[in-house]
Amino acid sequence: MSTAWSSSGPAPQRDDEQRLRELGYQPVLARRMGGFGNFAISFSVISILSGCMTLYGFGLDTGGPAVMMWGWAGVGLFVLCVGLALAEVTSAYPTSGALYYMADRLGGRTWGWYTGWLNLLGLLGAIAGIDYGAALFTGALFNLQWGFDPTPESTMVIFVCVLLVHATLNLFGVRLVSVLNSVSVWWHLAGVAIIVGALAIVPSHHQSPEFVFTEFVNDTGWSNPLYVGAIGLLLAQYTFSGYDASAHLSEETSNASVFAARGIVRAIWVSWVAGFVLLAGLTFAIQDYAGTQKSATGVPPAQILIDALGTSGATAMLLIVIVAQLFCGNAEVAAASRMVFAFSRDGALPGSRLWQRVSSRTQTPVHAVWLSVAVACVLALPSLYSETAYGAVTAINVIGITPAYAIPIFLRLRAGDRFQRGPWHLGRWSKPVGWIAVVWVAVVTVLFCLPQSSPVTADSMNYASIALAVVLLLATIWWFVARRSYNTPSAYGTAREQAEIAEGIV
């Protein structure tokens, strides 16, 4: 029997393409990604140099160092449980559709439909959040180097340029995506080592361990420390998202039933360890807490780097972070476009016949790539008019994608012995780990919707609950329009199905 940490041993794996046909799909994507590449895409999407750095200012206000450090440790453990449980289901259903296909198979069409829309919203929101974050950091870098004024308009121009670069890179095929993600892994790990090493060696003053691990700061306006601490956990939870990317690239991964599952788990625990080191390095190096919170750059970690390393050193470190964010956004475009492709293949999206088309030259879903970046651009447009819009985009990401993780896990638990395990599974730990995962996702979904500062105004409101309500409403409306066209196949092989698949290749 396999465990959470290995495949099923030396027993030969079923042919990937045959397994995909058994699940109902004719292979049309290029299977050119190995195990490391599959791990690398989820690790790149989690991107501790993106999430931790972008949300560090949020952590300074909502609980401060103590909540950031212990929250990261605790949340990482629970997220690992979610990843383990999701990996087990991924091993049984290694398709580009990933979460919604699992939910459809285990719970029926309605479960699959709503899971798909939640997952899709989260993935598209993630592109917007990641690439807009990269634009903000690029603006801060330009400010340091050339005195550039990062206005909302100029930030939006940078954001659009980043989107265009990521779309172009994804059009060259999955082999380039895999190579870039592999480079991204080493860039992230080396980047953390360089940043933390510089912050440990260069500054003459460091905060005490007591400050880093016990200092509690509440600048939220709420008086209840337990409430503030709970909200502060979201820094870690926001960062630990997107590891379903390994599942979405299943149809382009060799030995996907093992490597896609393993990729999810490895991406989480490596990010967990490296992220803790990064947060500790930043927090020990804080020179002026209030000055860091109110940094003129608009990016608190940039102020830590400036105070500790000087302008030149900070510029070099910011460049490391920005490149990591660009790797992250590129990986997210790959994952989201595969979700668009798969959801369209099953007739769930308006214009599905267009979005499911695959280039005969690169075997890449070209139209799905362009749709993904276009929707991400639209989601970020409100940032031109409101400073809270970026937070709303982040909320769209997590409130969509996090519940979608728990649905196939819950349905797998409900199925009991009827669930046919893949070659990678948890054995006797399947049920306890699965229930921990489901309960944790339920808890953090509530936390996502709570107001994060007081008093609650139009500018300080948490729009996550509204985003969740809107996507569920739109999914319900579209269900009555498209429910006859939406269907996941039970098996592939008829002449009619082959003809329909062939129409999607251009």
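Quick notes on the rules
Within each chain, residues carry numbers counting from 1 in the order of the written sequence. Local features in a predicted model are, by the rule used here, given only for residues with pLDDT of at least 70; side-chain atom pairs are given and counted only at 80 or more, and totals for whole chains, interfaces and linings are based on all residues. Here the side-chain values reflect all heavy atoms present in the structure, with hydrogen atoms and water set aside. Comment: elements are numbered from the N terminus, with helices defined as DSSP H or I runs of at least four residues and strands as E runs of at least two. Based on C-alpha atoms, the radius of gyration is set beside the globule rule, defined as 2.2 Å times the residue count to the power 0.38. Note on exposure labels: buried denotes an accessible area under 20% of the residue type's maximum, exposed denotes more than 50%, and partly exposed covers the range between, all computed with a 1.4 Å probe on protein chains only. Working rule for contacts: check all heavy atoms of both residues, and any pair within 4.5 Å makes them a contact. Computed by Shrake-Rupley with a 1.4 Å probe, the accessible areas treat only the displayed protein chains as cover when residues are assessed. Note on definitions: angles span 0 to 180 degrees between N-to-C directions of axes, and those axes are lines fitted to C-alpha atoms, for helices only across the stretch in contact. Roughly parallel means an angle under 35 degrees; roughly antiparallel means over 145; roughly perpendicular covers 65 to 115; every other angle is labelled oblique. For a crossing to be left-handed, the near helix must be turned anticlockwise from the far one by less than a right angle; the clockwise case is right-handed. Any residue that is not Ala, Val, Leu, Ile, Met, Phe, Trp, Tyr, Cys, Pro, Asp, Glu, Lys or Arg is counted as polar, Gly included; the first ten are nonpolar and the last four charged. Definition of a polar contact: a pair of N or O atoms within 3.5 Å, with one able to donate and the other able to accept a hydrogen when the atoms are protein atoms, and with sequence-neighbouring residues admitted only if both atoms are side-chain atoms. Residues enter a patch when their relative accessible area is above 30% and they make no salt bridge; the linking distance is 9 Å between like charges and 5 Å between nonpolar side chains (Val, Leu, Ile, Met, Phe, Trp, Tyr). Put simply, a salt bridge is a Lys or Arg side-chain nitrogen that is within 4 Å of an Asp or Glu carboxyl oxygen. Side-chain rings of Phe, Tyr and Trp (the six-membered ring for Trp) are treated as a pair once their centres are within 6.5 Å; stacked means planes under 30 degrees apart, edge-to-face means over 60, and tilted covers the remaining angles. Lysine and arginine charges are scored as sitting over a ring when NZ or CZ, respectively, is within 6 Å of the ring centre and within 35 degrees of the ring normal.

Caption draft 1: Geometry of the overall build of the chain. If you tally the helices and strands in the chain, you get 22 helices and two strands. Computed over the C-alpha atoms, the radius of gyration of the chain is 22 Å, within 12% of the 23 Å expected from 2.2 N^0.38 for a compact globule of 506 residues. Taking all 506 residues of the chain together, 60% fall into the buried category. Put simply, of all contacts in the chain between residues at least 6 apart along the chain, 84% involve residues at least 24 apart. By element, 65% of the accessible surface of the chain is carried by carbon and sulfur atoms, the whole surface being about 18900 Å².

Caption draft 2: Structural view of the packing of helix α2 (residues 35-46) against helix α14 (residues 256-284). Following both chains from N to C, one finds α2 and α14 inclined at 45°, their axes separated by 8 Å at the closest point. What the angle tells us is that α2 and α14 run oblique. In the packing of α2 onto α14, the handedness of the crossing is right-handed. Of α14, the residues touching α2 (which contributes G35, N38, F39, S42, F43 and I46) are F259, A260, G263, R266, A267, I268, V270 and S271. Taken together, the residues of the contact of α2 with α14 sort by class into eight nonpolar, five polar and one charged.

Caption draft 3: Layout of the side chain of H166. With respect to the helices and strands, the residue H166 is situated in helix α8 (residues 152-170). Classification of H166 by relative accessible area gives buried; the value is 2%. A polar contact of 3.0 Å, which involves the side chain of H166, links it to the side chain of D131. H166 has contacts with D131, L326, G329, N330 and V333, leaving out every residue within four places of it along the chain.

Caption draft 4: Seen up close, a nonpolar patch on the surface. On the surface, V456, M461, I466, V470, L473, L474 and I477 cluster together to form a nonpolar patch covering roughly 600 Å² of accessible area. Position of L473 among the secondary structure elements: in helix α21 (residues 464-482).

Caption draft 5: Structural view of the packing of aromatic side chains. Tallied over the full model, the rule gives 29 aromatic pairs. Ring centres of F36 and W186 lie 6.0 Å apart, and the angle between their planes is 15°; this geometry places the pair in the stacked category. Remark: W186 occurs in helix α9 (residues 174-201) and F36 occurs in helix α2; sequence separation between them is 150 residues. Exposure remark for F36: the relative accessible area of 36% places this residue in the partly exposed category. Ring geometry for Y93 versus Y101: centroids 6.0 Å apart, planes at 65°, classification edge-to-face. The class of Y101 is buried, set by a relative accessible area of 1%. Ring-pair connections join several aromatic residues into one group, and the members of that group are Y100, W113, W117, F343, W479 and Y486. Sitting over the face of the ring of Y25, R345 holds its NZ or CZ atom 3.7 Å from the ring centroid.

Caption draft 6: Seen up close, unusual backbone geometry. Omega for the bond connecting S454 with P455 falls within 30 degrees of zero, at 0°, which places this linkage in the cis form. Positionally, P455 belongs in the loop between α20 (430-449) and α21. The phi angle at N255 is positive, at roughly 50°, despite the residue not being glycine. Structurally, N255 can be placed in the loop between α13 (245-248) and α14. The phi angle at Q363 is positive, at roughly 55°, despite the residue not being glycine.

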